[in-house]
Amino acid sequence: MNYRAEAPPPVRDFLVYHDTIKGQSGATVDSYFLDMRTFTRYLKLSRGLVPRDTPMEDISILDADLAFYGAVTLAEVYDFLAYLSRDRALNAASRARMITCIKGFYRYHTVKTKQLAANPVENLDTPKLQKALPRYLTLEESRRLLRAVEGKNAERDYCVLCLFLNCGLRVSEMVSLNLGDIREDSLLIHGKGSKERVVYLNEAARHALDDWLLVRRSIAAIDKNAVFLSTRRRRLSVDSVQAMLKKTLLKAGLDPAKFSPHKLRHTAATLMLQNGVDVRTLQEVLGHENLNTTQIYTHIADAGLKSAAQANPLASFEPDAAEE
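Read on for a plain summary of the structure. Note that this is a predicted model, so its numbers are computed, not measured.

A few words on the overall build of the protein chain. When you go through the protein chain residue by residue, the secondary structure sums to 14 helices and two strands. Split into buried and exposed, the 324 residues of the protein chain put 43% on the buried side. Carbon and sulfur atoms form 50% of the exposed surface of the protein chain, whose accessible area is close to 18,300 Å².

Attention shifts here to the pattern of salt bridges. This structure, assessed with the given rule, holds ten salt bridges. A salt bridge links Asp87 to Arg86, with the nearest nitrogen and oxygen atoms 3.1 Å apart. With relative accessibility at 47%, the residue Asp87 sits in the partly exposed group. Each of Arg170, Glu173 and Arg197 takes part in salt bridges that share partners, so that together they form one network.

Let us look at the nonpolar core. Core analysis: the largest hydrophobic core is formed by 40 residues, its most contacted members being Leu145, Leu161, Leu163, Leu177 and Phe228. Of all the secondary-structure elements, those providing two or more residues to this core are α7 (139-147), α8 (154-167), α9 (171-175), β1 (186-190), α10 (203-216) and α11 (238-251). If we ignore the near neighbours within four places in the chain, the residues touching Phe228 are Arg156, Cys159, Val160, Leu163, Met174, Leu177, Trp212, Arg234, Arg235 and Leu236. Core analysis: the second largest hydrophobic core is formed by 38 residues, Val29, Met98, Phe105 and Leu124 among them.

Another point: the state of the cysteines. The full count for this structure, using the stated rule, is zero disulfides. Cys159 forms no disulfide, and the closest cysteine sulfur to it belongs to Cys162, at a distance of 6.9 Å.

Definitions and cut-offs
Residues numbered from 1 in each chain as written. Predicted model: local features only at pLDDT ≥ 70, side-chain atom pairs only at ≥ 80, totals over all residues. Heavy atoms only, no water. Helix = DSSP H or I, 4+ residues; strand = E, 2+ residues; numbered from the N terminus. Buried < 20%, exposed > 50% of the residue type's maximum accessible area, 1.4 Å probe, protein only. Areas by Shrake-Rupley, 256 points an atom, 1.4 Å probe, with all protein chains shown as cover. Salt bridge = Lys/Arg side-chain N within 4 Å of Asp/Glu carboxyl O. Core = buried A, V, L, I, M, F, W, Y, C linked by side-chain atoms within 4.5 Å. Contact = heavy atoms within 4.5 Å. Disulfide = S-S within 2.5 Å.

Rendered as structure tokens:
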């Protein structure tokens, strides 16, 4: 996606800032472009700047200038959100993401570049999101999953799952691992927004990695730097990891519809927290920029503590009850 050619100057400048200064990923910048394109097309249509029957995808946004965006009112933005909900059937989370983008756009042009004197969306409310606890595998389910690995790629698949469950990697981080990222007792992880962090390997993860690397040395890799290779000797893809996990979940008697590579990351985080890792350390392990992102796992730990209290045989003890 070439936003430099397809975005009007005010949007392009905003995207370049996030691309080059903020160092955000290409996927994030692309999503901002798509959000601003949808917003701009809606404004042109609602303001009668194009015929009412013009399909949204046919509306050009290249002529939108700062005066066009500066004239936006809160009422227009709320109408836009209603359109997203009613006509596009976007859920609250997707609408909230768009609001974040729009607010960022106006903050950039009022605070950073000061090209707009007033921020028309400063008081824009964000849809209230219902926080759901992340789904994760229990310790026994995790063991079942690891025991279910088999087949000609067993060492590779076991290593991938072991790193997910022990290190809490993102699937994008897993498939982008290079041989040069492996240290004696750690991995150099290239995370979101080009941020790097070090993740240490426990004994199980180190052994799984050693076993796979022994097999990998006998493969004439096409992608010579990649840690994990496909059967075609190229870097393992995200889709291949997802397919492998689904197959292994089925073998383990677990529901593949309920678990994904990201749920294995949740599992690692939950198991660490339940076994004494503090939330600040967990933030570093997972590579979360904001502690609030990590805090959700404390609710899982609290739920586990509550269950443990109820499981105690003294839970139903009543001091005034007569002994039989």
